[in-house]
Amino acid sequence: MDEYSPEPDEPDYLDHESDAKTDGSVDDVAEPPHPVNWNLLNADDLEAEWLALNDWVAWLRRTYGLPASVLPPFWHRHPELVWELSALHIHWLCAYDPEQNGSAPAGWHRDFADARNRLREWVAASGTRLDRDRSTRQSVWPGEEPAPPVEDLIIADRGEDFVQFVFEQVEARHEAEEAFFRTLDEQTGEVT
């Protein structure tokens, strides 16, 4: 028989062997998901978050039959949609966590209704459509350089576009990380 038998009220997903420390103690159960700050992720975490969000958004679209006016195929190219969908994803993960109370999913659905209205507004403002995309128009404030012209881009394969987009985002983040590390003094680790 096992050295360890879980208590009846202990979560069955706690893997005591992998969580065991060298001193025999056990780490706490994993915490619920935390909000994702897309600006602060390292390159590897950025890639993982993009892939997880993309999978969840595909599930969301199919499960709820969301039209392109709420959830367009090129959502990944629009930060306002990425931030909203990311927040909704984390909210969903928390609402359906096994440790959550039974009313949490109802709260998620209430918030999802509000989020759909915001998504509709942002999709309308951005101009992204089922078969084409364009950058969200930006208002130019006095003293700023004029914005470049906004043109529609026809995209034939959404999956291919997503993979290329994520690759470019991750590469840019790798380059930024490498540039930062080049500024560190090798002896002290301080920024030079």
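All of the points below concern the structure found in this document. (Residues numbered from 1 in each chain as written. Predicted model: local features only at pLDDT ≥ 70, side-chain atom pairs only at ≥ 80, totals over all residues. Heavy atoms only, no water.)

The subject of this paragraph is the environment of Arg-158. Of note, Arg-158 is situated in helix 5 (residues 158-182). Exposure remark for Arg-158: the relative accessible area of 22% places this residue in the partly exposed category. Sequence separation of Arg-158 and Arg-132 is 26 residues, and the distance between their C-alpha atoms is 9.8 Å. With sequence-adjacent residues up to four places away left out, Arg-158 is seen in contact with Asn-54, Pro-73, Phe-74, Trp-75 and His-76. Separated by 2.8 Å, the side chain of Arg-158 and the backbone oxygen of Pro-73 make a polar contact. (Helix = DSSP H or I, 4+ residues; strand = E, 2+ residues; numbered from the N terminus. Buried < 20%, exposed > 50% of the residue type's maximum accessible area, 1.4 Å probe, protein only. Contact = heavy atoms within 4.5 Å. Polar contact = N/O pair within 3.5 Å; in protein donor to acceptor, adjacent residues only side chain to side chain.)

Attention shifts here to the packing of helix 2 (residues 43-64) against helix 5. Between helix 2 and helix 5, the shortest axis-to-axis distance is 8 Å and the interhelical angle comes to 160°. What the angle tells us is that helix 2 and helix 5 run roughly antiparallel. Helix 2 and helix 5 meet at a crossing whose hand is right-handed. Mapping the contact onto sequence places Ala-43, Asp-44, Leu-46, Glu-47, Trp-50, Leu-51 and Asn-54 in helix 2 and Arg-158, Phe-162, Phe-165, Val-166, Gln-169, Val-170, Arg-173, His-174 and Glu-177 in helix 5. The residue makeup of the contact of helix 2 with helix 5, split by class, is eight nonpolar, three polar and five charged. (Axes fitted to C-alpha atoms, helices over the stretch in contact; angles between N-to-C directions. Parallel < 35°, antiparallel > 145°, perpendicular 65-115°, else oblique. Left-handed = near helix turned anticlockwise from the far one by under 90°. Nonpolar A, V, L, I, M, F, W, Y, C, P; charged D, E, K, R; others polar.)

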